[in-house]
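Analysis of the macromolecular model
Listed below are the residues making up each chain.
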Amino acid sequence: MIDLRSDTVTLPTEAMRRAMATAEVGDDVYGEDPTVNRLETRAAEIFEKEAALFVPTGTMGNTIAVKLHTEPGHEVICDDRAHVLDWELAMTAWFSGCLIRAVPTPDGILTWKQIDAMIKPGNGFYAPTALVVLEHPHNMQGGTLYDLASIDEICDRVHDRGLKIHIDGARIFNASVASGHSVARIAQKADTVMFCLSKGLGAPVGSMLVGTAAAIARGRHLRKRLGGGMRQAGVLAAAGLIALEEMPARLREDHDNARWIAERLKNIPGIALDPEKVRTNIVVFDIAGTGLPFAELSALLKSKGLLISTAGGTRARIVTNLNVSRQDCETALRLLEEVLAPVCAPKAI
């Protein structure tokens, strides 16, 4: 089975498994797990932030960040396909008591002009704005990226208005490889950043939240409230350290495979996409022209040994990852062509 549903399905490398088996551990809730402590210190160093927090999931990292920067009754601005809006079970409302102000965008990329128009004052009528969340790269829009100047402008202007910025950087190392800017430079002006160890970097579990020492100290209490006190978590942090130190260097391979797939998908009748927009490891394409509902296409492909995911409506998604070779990509394209050829063949008159 070739699994292109997501880079969350990656399996830990042999080096990660060995590190997990021999990890030095302690009780992390007491701050006594040396491997977790090393991971947090190293993450903070790489991002040039004061401190970092190891959390089980990206959702927990984003949830903690929103809570750090808001009070109940505040508004949070994000785009209308953001992960914090669509994929985190309304945690912004449930845990932080905040309303999301979703801004429609064609590609998941907000501009300062759009944000500025949505900021609400605390004047007794509105839920005042407290936080802006940027997703970089953007998952459901096919790995789209902010340019660095836009991130800087948004951060500067948001701070000028007395608000906070959080970057949902689940795949920020992919953004770094694609843009040529270090993760520290990308995140330089953000108040907090969440990134995942368990996606393209290949760790089996875990994400990180980085920010100021004061914010991360508060974040530890919030992590405990959310059930994220993992005790001897060094067995997971050991894999995370390898993911952090060794795996970013190989992400270019995933990007190249994704672009290779996109260039060939565009030639399959009934499929619509622009390969030029594929800059990381995510390929989103529209299957409306095939006439097949996604569920039917997915089932047909699964029966032949290929798994893909939906991006909503008539859009499908393929995500390359460390467990998918170029040969696997070639096989995946062949299977797509086999399934769609009878559907999209010209009809006899």
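My aim in this report is to walk through the structure given alongside it, one point at a time.

Thresholds applied
- Residues numbered from 1 in each chain as written.
- Predicted model: local features only at pLDDT ≥ 70, side-chain atom pairs only at ≥ 80, totals over all residues.
- Heavy atoms only, no water.
- Helix = DSSP H or I, 4+ residues; strand = E, 2+ residues; numbered from the N terminus.
- Buried < 20%, exposed > 50% of the residue type's maximum accessible area, 1.4 Å probe, protein only.
- Salt bridge = Lys/Arg side-chain N within 4 Å of Asp/Glu carboxyl O.
- Axes fitted to C-alpha atoms, helices over the stretch in contact; angles between N-to-C directions.
- Parallel < 35°, antiparallel > 145°, perpendicular 65-115°, else oblique.
- Left-handed = near helix turned anticlockwise from the far one by under 90°.
- Contact = heavy atoms within 4.5 Å.
- Pairing = 2+ DSSP bridges.
- Phe/Tyr/Trp six-rings, centres within 6.5 Å; stacked < 30°, edge-to-face > 60°.
- Lys NZ or Arg CZ within 6 Å of the ring centre and 35° of its normal.
- Expected span 1.5 Å × (residues − 1).
- Polar contact = N/O pair within 3.5 Å; in protein donor to acceptor, adjacent residues only side chain to side chain.

Considering the overall build of the protein
- Helix and strand counts for the protein stand at 14 helices and twelve strands.
- If you line up the protein on its principal axes, its C-alpha atoms span 70 × 55 × 35 Å.
- In the protein, which comprises 349 residues, the proportion classed as buried is 56%.

So, the pattern of salt bridges
- Taken as a whole and judged by the stated rule, the model has 23 salt bridges.
- Where R17 meets E14, a salt bridge forms, and the shortest distance between an N and an O atom there is 4.0 Å. Residue R17 and its partner E14 are both found in helix α1 (residues 14–21); the two are separated by three residues, about one turn of the helix.
- Accessibility expressed as a relative area gives 42% for R17, which makes it partly exposed.
- You can call E14 exposed: its relative accessible area is 52%.
- R231 is paired through a salt bridge with D27; the nearest N and O atoms lie 3.2 Å apart. One end of the pair, R231, is in the loop between α10 (213–225) and α11 (234–246); the other, D27, is in the loop between α1 and α2 (34–47), and 204 residues separate them in sequence.
- Under the relative-accessibility criterion, R231 is labelled partly exposed at 33%.

Quick look at the environment of W94
- Structurally, the position occupied by W94 is in helix α5 (residues 91–94).
- Sequence separation of W94 and P72 is 22 residues, and the distance between their C-alpha atoms is 9.9 Å.

Points about the packing of α2 against α11
- Across the interface, α2 lies against α11 with an axial gap of 8 Å and an inter-helix angle of 30°. In terms of orientation, α2 and α11 fall into the roughly parallel class. In this structure, α2 meets α11 at a crossing whose hand is left-handed. On the side of α2, the interface is formed by T35, V36, R38, L39, R42, A43 and I46, while α11 contributes G234, A237, A238, G240, L241, L244 and E245.

Some points on the sheet that holds strand β12 (residues 315–319)
- What the three strands build is an open sheet, ordered β9-β12-β11; its pairing is antiparallel. A single partner strand is all that each edge strand has here, and the edge strands are β9 (282–286) and β11 (309–312). Between one strand axis and the next, the sheet turns through 35° on average, direction left out of account.
- Where β9 lies against β12, five bridges are found, and the strand directions are antiparallel. Residue pairing for β12: D286 is matched across the bridge by R315.
- In the packing of helix α12 (residues 251–265) onto the sheet, the strands contacted are β9 and β12, and the crossing angle to β9 comes to about 15°.

Here we look at the sheet that holds strand β8 (residues 207–211)
- Spatially, the seven strands line up as an open sheet ordered β2-β8-β7-β6-β5-β3-β4, and their pairing is mixed. With one partner strand each, in any of the chains shown, β2 (51–55) and β4 (99–103) form the two edges of the open sheet. Across the sheet, the axes of successive neighbouring strands diverge by a mean angle of 20°, strand direction being ignored.
- Of the pairings in the sheet, the one linking strand β3 (residues 75–79) to β4 comprises five bridges and is parallel in character. Bridge pairing in β4 places E75 opposite L99.

Things to note about the packing of aromatic side chains
- Going through the model one piece at a time under the given rule, you end up with three aromatic pairs.
- Note on F173 and F195: the rings are 5.5 Å apart at their centroids and 70° apart in plane angle, and the pair reads as edge-to-face. Of this pair, F173 sits in helix α8 (residues 172–179) while F195 sits in strand β7 (residues 192–196), placing them 22 residues apart in sequence.
- F173 sits in the buried class, given a relative accessible area of 9%.
- A cation over an aromatic ring shows up here: K67 above the ring of F95, its NZ or CZ 5.8 Å from the ring centre.

Topic: the side chain of D28
- Following the sequence through the fold, D28 ends up in the loop between α1 and α2.
- In this structure D28 touches D33, V36, N37, R223 and R231, once residues within four positions along its chain are discounted.

Digging into α2
- With 14 residues, α2 ought to run about 20 Å at 1.5 Å a step, and its terminal C-alpha atoms sit 20 Å apart, in line with that.
- Along α2, the positions that sit buried rather than exposed are T35, V36, L39, E40, A43, A44 and F47.
- Where α2 begins, the capping side chain belongs to D33, and its oxygen is found 3.0 Å from the backbone nitrogen of T35.

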